[in-house]
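So you can see what is in the structure, the chains are spelled out below.
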Amino acid sequence: MNEDEIKEIKDLLSSPKNIVIVPHRNPDGDAIGASLAVYKYLKNKGHKATVVSPNDYPEFLHWLPNSKEAFKYDMQNRQSQATIDEASILFLLDFNTLSRVGDDMQKKLETFSGTVIMIDHHQQPDDFAKYLYSDVSICSTCQMVYQFIEKLDDLERMDSTIATCLYTGIMTDTGSFRFPSTTSTTHRIIANLIDNGANNAKIHNKVYDTNSYGRLQLLGRALSNLVVIDKLKTAYIPLSQKELDEFNYQKGDTEGVVNYALSLKGIIFAAIFIEDTDQKIIKISLRSKGKFSVNKFARAHFDGGGHDNAAGGRSNVSLDKTISNFLRILPDYKKELLHSYED
Ligand code: 5GP
Ligand code: MN
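Nothing here was measured: the structure is a model prediction, and the numbers come from that model. (Residues numbered from 1 in each chain as written. Chains lettered and ligands numbered in written order. Predicted model: local features only at pLDDT ≥ 70, side-chain atom pairs only at ≥ 80, totals over all residues. Heavy atoms only, no water.)

1. Some points on the coordination of the manganese ion (ligand 2)
Phase 1 of the analysis: Distances from the manganese ion (ligand 2) to its protein donors, Asp-30 (OD), Asp-94 (OD), His-121 (NE2) and Asp-173 (OD), fall within 2.1 to 2.4 Å.
Phase 2 of the analysis: Each donor residue of the manganese ion (ligand 2) lies on the same chain, and together they follow the pattern D-x63-D-x26-H-x51-D. Linking Asp-30 in helix H2 (residues 29-44) with Asp-173 in helix H6 (residues 160-173), this pair joins segments that are 143 residues apart in sequence. We note that Asp-30, like Asp-173, is buried. (Donors = N, O, S within 2.8 Å, 3.2 Å for Na, K, Ca; no water. Helix = DSSP H or I, 4+ residues; strand = E, 2+ residues; numbered from the N terminus. Buried < 20%, exposed > 50% of the residue type's maximum accessible area, 1.4 Å probe, protein only.)

What follows is the structure in structure tokens.
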């Protein structure tokens, strides 16, 4: 985003507008944190803003400020459509290809004739937005939103609500400030967010220490399902719909589980395969350490994408078939897997 574009956006936002903010489907802490932060920032500037999420997000993010004000496109379809029809500006946050909002909402957004602003840190953005702020080196969309507000010379509009939302997204997308994308700039921004009223201890508690009994039991099952392929430095976890049902699965319960597979000594590639009989897909999450790009792997084999070290995708065949496909593909990457990461 260049100086001219920043000036144009400043001009655009200098008078009250009707604005819709959209995160990706199944929003995570970064997507919904960024959306609710932009929502409050725009409200502080005097705009009418509405977050329209494609669908609901996990319970452990419901406490976020103004969460209840957000529409869910799938559940509140009529209001969501009307709100999009009335808007003249659309913010797309934490995704870069329209398919990430799901088929129905994608069709609706394709008809949008106003100004589109996209802020995102994934690779290979589509050419859809008039204003694209894309940077794959930045750890989170929430950090980019902070820097976007800074570019607009509006940091004095930061308040504890915005700070709380941005802190949450940066924390969740960096694995609590431990992934390589966490920089000294990230920590400086985090310090500013704390100074602006983000209660760090409380946010960690709300996100990480509110597990249900069922979720921990499901984690136990996932860990006992773990399969390790030492010679390819790979580990994976299958989870069937039957197992999810057994532990009263709630949205978000499997979030982060794949990281346990990656925490094994010597493992640099981890996958989780989660059966979803409603959508008739296997949802796949992939994580890696070092140079092995799970973004490329997901794009090449599982209709997905993401970042070099964290990506996702899907498969339309059964859980068993998906895993046998995975195991068939894996040896092709042997060289890369063995030389991806030096301790
Ligand atoms: P997760 O495994 O936590 O669902 O996602 C990891 C990363 O990959 C996130 O940044 C997410 O946005 C991205 N991602 C997950 N699933 C997909 C997908 O199906 N397509 C694309 N393009 N990105 C995905
Ligand atoms: Mn993100």
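2. Focus: the domain arrangement of the protein chain
Phase 1 of the analysis: In terms of domain boundaries, the protein chain breaks down into domain 1 (3-208) and domain 2 (213-338).
Phase 2 of the analysis: One C-alpha centre belongs to domain 1, the other to domain 2; they are set 27 Å apart.
Phase 3 of the analysis: Contacts between the two partners involve 13 residues from domain 1 and, on the opposite side, 10 residues from domain 2.
Phase 4 of the analysis: Run the count over domain 1 and domain 2 and you get zero salt bridges.
Phase 5 of the analysis: There are seven residue pairs in polar contact (both at pLDDT 80 or more) connecting domain 1 and domain 2.
Phase 6 of the analysis: Residue composition of the side of domain 1 that touches domain 2, by class: three nonpolar, six polar and four charged. (Domains from an automatic or database assignment. Contact = heavy atoms within 4.5 Å. Salt bridge = Lys/Arg side-chain N within 4 Å of Asp/Glu carboxyl O. Polar contact = N/O pair within 3.5 Å; in protein donor to acceptor, adjacent residues only side chain to side chain. Nonpolar A, V, L, I, M, F, W, Y, C, P; charged D, E, K, R; others polar.)

3. Re the pairing of strand E2 (residues 48-53)
Phase 1 of the analysis: For E2, the buried fraction is high: five of the six residues fall into the buried class.
Phase 2 of the analysis: Sheet topology places strand E1 (residues 18-23) next to E2; four bridges connect them, and they run parallel. Its bridge partner being in E2, Asn-18 is matched across the sheet by Lys-48.
Phase 3 of the analysis: Read from E1 through H2 to E2, the crossover connection turns out right-handed. (Pairing = 2+ DSSP bridges. Right-handed = clockwise from strand over helix to strand, strands pointing away.)

4. Section: the sheet that holds E1
Strands pair in a sheet through their backbones, by hydrogen bonds, and they do so in one of two ways: parallel or antiparallel.
Phase 1 of the analysis: Read from one edge to the other, the open sheet built from six strands follows the order E3-E2-E1-E4-E5-E6, with strand pairing classed as parallel. The open sheet has two edge strands with one neighbour each: strand E3 (71-72) and strand E6 (131-134).
Phase 2 of the analysis: Inspection of the sheet shows strand E4 (residues 89-93) paired to strand E5 (residues 115-120) by five bridges, in the parallel sense. Paired with Ile-89 across the strands is Thr-115, a residue of E5.
Phase 3 of the analysis: Here helix H1 (residues 3-12) sits on the sheet and contacts E4, E5 and E6; the angle it forms with E6, its principal contact strand, is near 120°.
Phase 4 of the analysis: Of the strands in this sheet, E4, E5 and E6 are in contact with helix H5 (residues 141-151), which crosses E5 at around 125°. (Axes fitted to C-alpha atoms, helices over the stretch in contact; angles between N-to-C directions.)

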